[in-house]
Amino acid sequence: MRSKRVRSLLGRSLELNGAMEPSEGGPRATPGPGGLSGGESLLVKQIEEQIKRNAAGKDGKERLGGSVLEQIPFLQSCEDEDSDEDDELDSVQHKKQRVKLPAKALVPEMEDEDEEDDSEDAINEFDFLGSGEDGEGSPDPRRCAGEGTHHELQTRRVKLQGILADLRDVDGLPPKVTGPPPGTPQPRPHEGSFGFSSDVFIMDTIGGGEVSLGDLADLTVTNDNDLSCDLSDSKDAFKKTWNPKFTLRSHYDGIRSLAFHHSQSALLTASEDGTLKLWNLQKAVTAKKNAALDVEPIHAFRAHRGPVLAVAMGSHSEYCYSGGADARIHSWKIPDLNMDPYDGYDPSVLSHVLEGHRDAVWGLAFSPTSQRLASCSADGTVRIWDPSSSSPTCLCTFPTASDHGAPTSVAFTSTEPAHIVASFRSGDTVLYDLEAGSALLTLDSRGNSGPAQINQVVSHPSQPLTITAHDDRGIRFLDNRTGRSVHSMVAHLDAVTCLAVDPNGVFLMSGSHDCSLRLWSLDNKTCVQEITAHRKKHEEAIHAVACHPSKALIASAGADALAKVFV
């Protein structure tokens, strides 16, 4: 049935050619208005030959080339009618796969600079083509030039379009949609209902297009697998997006505290498995392609009888100090960072043991300016030590249990080396004067929501400002001079457990039990990046964060026994 229709359409096309082209014996006349030039007659012949090839074609797979479709918009490819009826259902799905270029181009390619303009002119001249009047003979071209009317041209055009429509119907192609006028802007591929390309819209947005998202416009979620950054020192280190570089996997229990080496790419971790481990980040090796870099610890410090809860780096990173649940503070000598991790144990690494606390030591802080070590313990005291002496002793003790409860964190103020600030489970924050040996000021850290445990306190590196992390999901900024709250905000979806300020005083990093790290601009107190880096264990997630004093490195540690370094 369909083969008969193709033969009928082919016959109509031959009649159309006869109506449009002079007979073989007739003279070749020059083209006139409404007539066909030699080039146009050749195009019509080529269209006929293509229709014949589509009807008889090899394996029913040959199609018109993309160049023909671009030059003559109303031409569409046809499917071979000798193919099996069962292929009809798959014809639409595989249409694009079956299109291939013909052996010879039907329209010569333009090689000059005005290729597009010439193509448009040729198409416009081809618009008058149509079908002949009832296929009667071969009219004289001169007569057509003189007597052709607009009605005849319109009639022939309609008939030719009808033949093409029948061909598409035979082959199962969708009907051709009439395009807009030539002057109308054409939409790009894959466009939506609004007239723009969704692909281009997305790329334009990522490339810097302004989208009104409020505060969310500055929030960036980092892919955990992006390892594109290096360890280079950069003045703009805090103006970029942080990406994970190293994952440290040697501990057997949650990591409670972190401390960076002052000048080298090295990190110290303290864990609930009772050990401290030193990592040289320059000795990283790639386990497999596209995997995070693996780092092995170069030394494990073993002396605590229980979980290690706090760690602090000493002056010039020659010594470090750790506090644990055994109520002891250990002073360690930092070994050579290039040592072989399989060397024998060196007993001289353990320098001194500072004893005096009667319960777990939860916080440590070291002041390079005064060479003093501060500690806070669950026994309700804050103590100041001189770790550099041959027999370290406690210089002074601040009893806090009766007034404020058990301390949770301690830090030296950057603007006044003789002052320390301590935070408590009761939600209080107290500023102490080391020279006077007494409390100087109680800061307004409770806020309007009532008391909430403070998990960590840090000091701004260049301003008299104290920053506290609370169990009520908040972060508060306190003025050391007046004791008043400068700013408070809800920072996470769960308790804020740890804080770290970069050495330039530009960004604040916070960690939470909601498994996220967030970086905040200290200028406008807005979140500039969020990183999901750790998993929960027993309703706990991130325990510690740290910023390197001199390199573009930050780190986090959590209850999942992992430490991660970002660059």
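Residues numbered from 1 in each chain as written. Predicted model: local features only at pLDDT ≥ 70, side-chain atom pairs only at ≥ 80, totals over all residues. Heavy atoms only, no water.

Draft legend 1. Structural context of the pairing of strand 3 (residues 266–271). The element strand 3 is largely enclosed, with a buried count of 6 among its 6 residues. Of the two faces of strand 3, the one carrying Ala266, Leu268 and Ala270 and the one carrying Leu267, Thr269 and Ser271 are both buried. Across 5 bridges, the pairing between strand 2 (residues 255–260) and strand 3 is antiparallel. Opposite Ala259, over in strand 3, you have Leu268 as the bridge partner. (Buried < 20%, exposed > 50% of the residue type's maximum accessible area, 1.4 Å probe, protein only. Helix = DSSP H or I, 4+ residues; strand = E, 2+ residues; numbered from the N terminus. Pairing = 2+ DSSP bridges.)

Draft legend 2. Highlighting the environment of Met489. Note that Met489 resides in strand 23 (residues 485–490). Measuring from C-alpha to C-alpha, the distance between Met489 and Lys525 comes to 8.5 Å, with 36 residues separating the pair along the chain. If near-sequence neighbours (up to four positions away) are discounted, Met489 is found in contact with Arg473, Gly474, Ile475, Phe477, Trp520 and Lys525. (Contact = heavy atoms within 4.5 Å.)

Draft legend 3. The arrangement of the UniProt feature "repeat: WD" (unreviewed entry) in the chain in detail. When the UniProt feature table is mapped onto this chain, "repeat: WD" (unreviewed entry) is found at residues 248–289, 301–334, 354–386 and 489–530. For residues 301–334, helix accounts for 0% and strand for 56%, while the C-alpha atoms at its two ends are 10 Å apart. Between the first and last C-alpha atoms of residues 354–386 the distance is 10 Å; the span itself is 0% helix and 58% strand. (UniProt positions renumbered as here; feature names shortened; annotations may be inferred.)

Draft legend 4. View of the sheet that holds strand 22 (residues 474–479). Spatial ordering of the open sheet is given by 20-21-22-23, a layout of 4 strands whose pairing is antiparallel. Edge positions in the open sheet fall to strand 20 (454–459) and strand 23, since each of these has one partner strand only. Ignoring strand direction, the axes of neighbouring strands in this sheet form an average angle of 15°. Pairing of strand 21 (residues 465–470) with strand 22 involves 5 bridges; the strand directions are antiparallel. Along strand 22, the bridge assignment pairs Ala469 with Ile475. (Axes fitted to C-alpha atoms, helices over the stretch in contact; angles between N-to-C directions.)

Draft legend 5. Structural detail: the sheet that holds strand 19 (residues 438–443). Strands sit in the order 16-17-18-19 across an open sheet of 4 strands; the sheet is antiparallel. Every other strand in the sheet has two partners, leaving strand 16 (407–412) and strand 19 as the edge strands with one partner each. Between one strand axis and the next, the sheet turns through 25° on average, direction left out of account. Bridging between strand 18 (residues 429–433) and strand 19 involves 5 bridges; their strand directions are antiparallel. Bridging across to strand 19, Asp433 finds its partner in Ser438.

Draft legend 6. Up close: unusual backbone geometry. With a phi close to 60°, Ser317 is a non-glycine residue in the positive phi region. Here Ser317 lies in the loop between strand 8 (308–313) and strand 9 (319–324). Classification of Ser317 by relative accessible area gives buried; the value is 3%. Phi is positive for Ala327, close to 70°, though the residue is something other than glycine.

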